[in-house]
Amino acid sequence: MRKGGLNDWSIARDVHVGSTRLTRRFLDFVGNEKTTTALHAARVAASAGLLLPGNGKWRGAANVFLGLSNAALYPRHRYGTDGSDQVSTLVQTTTGLARLSSSENVQDTLMWYVALQANMSYLISGWVKLLGRPWRDGSALAGVMRTRTYGHEGFFRLAQRYPVPARYLAHGVLALECLFPIAYAKGGLLARPIIASAASFHVANGFLMGLGRFVTSFVSMHPMVAYTSTPKDHPAVAGRDDRALLTVLVTGAGAVATAAAVAGTRRARAADRYPGTRKLVTRHGNTLTYEARLSGRDSDPVIVFVPGMASTSEHFGWITDTLVSESDFDLVTYNRAGYAASTYAGGREFTLGESVDDLVDLIDGVVPAGRKVVIAGHSLGGEIARRTAGQLGDRLHGIVYLDSSHPGELIRSQQQSESAKKFSDGLSLFVGSLRAGLGILLVRPNWVNSLPANYRSRAFAQYADTRLWTAGTREWKATEKDFRSFDGELGEIDAHALVISAQRTVDRDPEHLLMHHELADAHRRRGKVVRTTVIDGADHDSMLTNARLSTRVSRRIQEFVTEISRTGEAVSDALKEEAR
């Protein structure tokens with residue numbers, strides 16, 4: 001807590017700058033060094049008092065004080081707190097209220113509350129682990145044991161030496177957590193072995209992982225599990241009020257129904273087409289939805305926007321709105337198969353070549369014959385744009401790479417390679433959570449709120465829809481397979497190019513800047529305009545979603561398209577003059 005320390009309140013208080021003035025004043029009072037010290041001293045006294053014999057109401061008051069003071073100090077000790085603090089607050093406060101109450105029905109309700117929280121803590125933890133591949137294949141336990149923070153070198157070496165028992169142990173932990181509620185089956189027949197196994201699990205974690213506080217905090221919930229799982233005909237629980245369980249089950253059923261209704265509403269919103277949106281069926285049977293602003297001019301190229309992975313055309317909202325208001329360029333925006341209202345036919349192994357074919361079919365079907373195109377692709381969309389060169393030929397006038405992917409990034413960038421597996425696990429977790437109906441718990445992310453107002457509700461509905469993440473997973477698997485087999489050579493492209501990099505992307509991994517320059521070099525031929533630029537202060541997403549940054553990007557695109565249009569006209573005039 002000393003000045004400059006991790007929990008220096010003069011620094012930590014900045015986290016709560018968005019709170020109300022009353023909340024900030026309270027936290028500043030608690031954060032004062034004298035107040036903090038006094039609260040800790042009082043907590044020691046209350047804890048010591050609870051170790052004394054007796055069963056008076058003062059014990060309940062001590063419990064409640066410990067729970068509330070722990071919650072009050074939680075922001076003060078932002079670093080160093082963990083799940084054990086949350087469980088301690090829950091148990092101390094709830095049991096304190098039960099001790100202070102003279103109603104047995106209230107006491108039973110509070111005991112059920114703690115017991116249900118215990119079941120949820122194990123159940124949710126287990127099912128979240130089940131979504132991750134390391135726990136399913138049994139490698140997670142050894143993986144945890146090899147870390148410096150929570151690991152144990154001796155146990156890690158044992159797990160390496162005996163992988164089969166280690167895998168069975170990992171699966172045993174998974175089964176214990178996922179199946180914890182079976183403690184209530186058959187009149188609580190399995191309650192004792194389940195509780196004993198959970199307690200042993202926490203003791204082992206305390207020894208191996210240093211999570212000693214988890215032993216006392218989580219085991220403190222077990223008596224409530226034992227109490228509520230005991231058959232009602234047992235004398236020790238005679239007359240127990242179980243209405244809390246029924247209330248929770250009914251409420252849970254209502255929550256499931258509400259979650260389903262919200263998911264259905266979001267799906268309808270995400271799949272709904274804007275007025276004027278049209279569709280096109282590609283050679284692969286995929287249906288692409290698109291919007292187009294096309295004039296009768298033949299001189300200027302049409303700008304076609306290609307979203308990144310797990311993104312939709314709404315991400316280009318600021319850029320396209322700026323282009324519409326500040327220029328008369330013709331535009332086409334679309335969503336790839338599986339995103340928003342576009343549908344994926346399936347029935348075959350997906351490859352990036354299919355997305356390239358779909359884009360070419362869209363251009364051939366939408367852009368009037370004879371008109372050239374400039375393709376602007378963000379992230380993976382940039383790589384898809386690059387690969388269209390072989391099919392579009394001289395119809396491809398230019399490519400705008402917006403913080404684009406490079407096919408060698410998983411081989412050349414250690415950061416990208418290491419994050420690939422985490423990204424795969426994150427996608428699986430997101431898809432699994434949405435399919436389980438947890439999308440109702442999603443909070444609208446800041447980038448959605450940064451989009452133009454008329455795009456926000458649809459963008460969030462797409463973000464919370466399983467289809468977007470399923471499509472993203474499909475594309476990621478194909479991308480990872482494709483990129484890891486890249487031979488290291490970028491073919492020459494006979495088109496102009498504008499490569500726009502986000503500053504934070506290239507600052508974080510300088511290899512990306514080198515790869516972005518390679519994208520530009522692939523276009524450097526006689527008579528071709530090639531420009532590179534870095535958007536200061538932008539990251540991979542904010543260059544699209546931030547109004548100020550995306551306006552700069554839009555104007556770079558305008559300048560580039562204007563320049564290459566004039567270059568094309570000059571070349572055309574020169575050819576005509578030469579013909580004369």
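Residues numbered from 1 in each chain as written. Predicted model: local features only at pLDDT ≥ 70, side-chain atom pairs only at ≥ 80, totals over all residues. Heavy atoms only, no water.

J.: How do you make sense of the overall build of the protein when you look at a structure like this?
T.: Along the backbone of the protein there are 27 helices and eight strands. For the protein, the spread of C-alpha atoms along the principal axes amounts to about 110 × 55 × 55 Å. Expressed as a percentage of its 580 residues, the buried residues of the protein come to 46%. Each charge class in the protein was averaged separately, 69 positive and 57 negative side chains, and the resulting centres sit 8 Å apart. (Helix = DSSP H or I, 4+ residues; strand = E, 2+ residues; numbered from the N terminus. Buried < 20%, exposed > 50% of the residue type's maximum accessible area, 1.4 Å probe, protein only. Lys, Arg positive; Asp, Glu negative; His and termini not counted. Charge placed at Lys NZ, Arg CZ, Asp CG, Glu CD.)

J.: So what exactly am I meant to see when it comes to the sheet that holds strand S3 (residues 302-306) here?
T.: Remark on secondary structure: sheet strands pair via backbone hydrogen bonds, oriented parallel or antiparallel. Judged by pairing direction, the sheet is mixed, and its eight strands sit side by side in the order S1-S2-S4-S3-S5-S6-S7-S8 without closing on themselves. If you trace the sheet from one side to the other, it starts and ends with strand S1 (278-281) and strand S8 (530-535), each paired once. Taking each pair of neighbouring strands and ignoring which way they run, the sheet shows an average axis angle of 20 degrees. Relative to strand S2 (residues 287-293), S1 runs antiparallel, the two sharing four bridges. Residue leucine 280 lies in a different strand from S2, and its bridge partner there is leucine 288. Where helix H16 (residues 352-366) meets the sheet, it contacts S1, S2, S3, strand S4 (330-335) and strand S5 (373-378), and its direction lies at approximately 45 degrees from that of S2. (Pairing = 2+ DSSP bridges. Axes fitted to C-alpha atoms, helices over the stretch in contact; angles between N-to-C directions. Contact = heavy atoms within 4.5 Å.)

J.: In this structure, what is going on with a nonpolar patch on the surface? I would like to understand it.
T.: A cluster of nonpolar side chains, namely Met120, Ile124, Val128 and Leu429, defines an oily patch on the protein surface of about 330 Å² accessible area. Among the elements that line the nonpolar patch, the one with the most residues is helix H6 (residues 104-131), at three residues. Along the chain, methionine 120 falls in helix H6. The exposure class assigned to methionine 120 is partly exposed, which follows from its relative accessible area of 44%. (Patch = residues over 30% accessible without salt bridge, like charges linked within 9 Å, V, L, I, M, F, W, Y side chains within 5 Å. Areas by Shrake-Rupley, 256 points an atom, 1.4 Å probe, with all protein chains shown as cover. Salt bridge = Lys/Arg side-chain N within 4 Å of Asp/Glu carboxyl O.)

J.: Any chance you could explain the pairing of S4 here in plain terms?
T.: Along any regular strand the residues' side chains alternate between the sheet's two faces. The buried fraction of S4 is high, at six of six residues. Burial along S4 is two-sided: the face carrying Asp330, Val332 and Tyr334 and the face carrying Leu331, Thr333 and Asn335 are both buried. Relative to S4, S3 runs parallel, the two sharing four bridges. Each bridged residue has a counterpart across the sheet, and for phenylalanine 305 the counterpart in S4 is threonine 333. Considered for its hand, the β-α-β crossover made up of S3, helix H15 (residues 317-326) and S4 is right-handed. (Right-handed = clockwise from strand over helix to strand, strands pointing away.)

J.: Looking at this structure, how should I read the packing of aromatic side chains?
T.: How two aromatic rings sit relative to each other is set out by the distance from centre to centre and by the angle between their planes. Counted according to the given criterion, the structure contains twelve aromatic pairs. Grouped by ring-pair contacts, the aromatic residues Phe430, Trp447, Phe460, Tyr463 and Trp469 constitute a single cluster. Above the ring of tyrosine 227, the side-chain terminus of arginine 240 is found at 6.0 Å from the ring centroid. Over the aromatic face of tyrosine 344 sits the side chain of arginine 474, whose NZ or CZ is 3.8 Å from the ring centroid. (Phe/Tyr/Trp six-rings, centres within 6.5 Å; stacked < 30°, edge-to-face > 60°. Lys NZ or Arg CZ within 6 Å of the ring centre and 35° of its normal.)

J.: Can you help me understand the confidence of the model for the protein in this one?
T.: It should be kept in mind that the predicted coordinates are not to be read in detail where pLDDT is low. The share of residues in the protein with pLDDT of 70 or more is 98%, and the mean pLDDT across the chain is 92. In this model, residues 573-577 is a region of pLDDT below 50 whose contacts with residues beyond four sequence positions or in other chains number zero contacts. (pLDDT = per-residue confidence, 0-100.)

J.: Could you clarify how one ought to interpret the packing of helix H17 (residues 380-387) against helix H23 (residues 466-484) in this entry?
T.: Any two packed helices are characterised by the angle at which their axes cross and by the distance between the axes. Close contact between H17 and H23 brings their axes to 13 Å; oriented N to C, the two are set at 60 degrees. Classified by the angle between their axes, H17 and H23 sit oblique to one another. Along this stretch, H17 crosses H23, giving a crossing that reads as left-handed. Together, Leu380, Glu383 and Arg387 of H17 and Glu475, Thr479, Asp482 and Phe483 of H23 make up the contact between the two elements. Its residues assigned to classes, the contact of H17 with H23 shows two nonpolar, one polar and four charged. (Parallel < 35°, antiparallel > 145°, perpendicular 65-115°, else oblique. Left-handed = near helix turned anticlockwise from the far one by under 90°. Nonpolar A, V, L, I, M, F, W, Y, C, P; charged D, E, K, R; others polar.)

J.: What is the right way to read the nonpolar core from this model?
T.: Generally speaking, soluble globular proteins have nonpolar side chains that are buried together. If you look at the biggest cluster of nonpolar residues, it comprises 53 residues, and the most contacted ones within it are Leu359, Leu362, Ile363, Val373, Ile375, Leu396 and Trp469. The leading source of residues in this core is H16, at seven residues. Beyond its immediate chain neighbours, meaning those up to four positions away, leucine 359 contacts Val304, Val306, Tyr334, Ile375, Ile384, Ala385 and Thr388. Residues Leu110, Tyr122, Ala140 and Phe214 belong to the second largest nonpolar core, which totals 38 residues. (Core = buried A, V, L, I, M, F, W, Y, C linked by side-chain atoms within 4.5 Å.)

J.: Can you help me understand the environment of glycine 96 in this one?
T.: Take glycine 96: it is sitting in helix H5 (residues 83-100). Counting along the chain gives 33 residues from glycine 96 to asparagine 63, while the straight-line C-alpha distance between them is 4.6 Å. Other than its neighbours up to four places away in sequence, glycine 96 contacts Gly60, Asn63, Val64 and Val91.

J.: What is the right way to read the environment of tyrosine 113 from this model?
T.: Position of tyrosine 113 relative to the elements: it lies in helix H6. The spacing of tyrosine 113 and valine 400 is 287 residues in sequence and 57 Å in space, taken between C-alpha atoms. Ignoring any residue separated from it by four or fewer positions in sequence, one finds tyrosine 113 in contact with Leu90 and Thr94.

J.: Looking at this structure, how should I read the side chain of threonine 93?
T.: Structurally, the position occupied by threonine 93 is in helix H5. Under the relative-accessibility criterion, threonine 93 is labelled buried at 18%. When near neighbours in sequence (up to four residues on either side) are disregarded, threonine 93 contacts Asn63, Val64, Gly67 and Leu68.

J.: When you look at the pattern of salt bridges in this model, what are you seeing that I'm missing?
T.: Side chains that carry opposite charge are capable of pairing whenever their charged atoms lie near each other. All chains considered together, the criterion is met by 27 salt bridges. Its salt-bridge partner being arginine 283, residue aspartate 361 comes within 2.7 Å of it at the nearest N-O pair. Linking aspartate 361 in helix H16 with arginine 283 in the loop between S1 and S2, this pair joins segments that are 78 residues apart in sequence. Overall, the relative accessible area of 15% leaves aspartate 361 in the buried class. Linking lysine 528 and aspartate 494 is a salt bridge whose minimum nitrogen-to-oxygen distance equals 3.4 Å. A residue pair is termed long-range when its members are at least 10 positions apart, and lysine 528 in the loop between helix H25 (510-521) and S8 and aspartate 494 in the loop between H23 and strand S7 (496-502) qualify at 34 residues. Given the relative accessible area of 27%, lysine 528 is considered partly exposed.

J.: I keep staring at the side chain of histidine 397 and nothing clicks. Help me out?
T.: As for its placement among the helices and strands, histidine 397 is situated in strand S6 (residues 396-402). The buried category is assigned to histidine 397, whose relative accessible area is 12%. Those residues in contact with histidine 397, other than ones at most four positions away along the chain, are Pro301, Lys372, Val373, Val374, Ala495, His496, Ile564 and Ser565.

J.: What is the right way to read the pairing of S5 from this model?
T.: The buried fraction of S5 amounts to six of the six residues, a majority that puts the element mostly inside the structure. Every second residue of S5 is oriented toward a common face, with Val373, Ile375 and Gly377 on one face and Val374, Ala376 and His378 on the other, all of them buried. Where S3 and S5 come together, five bridges link them in parallel fashion. Looking across to S5, one finds that phenylalanine 305 is bridged to alanine 376.

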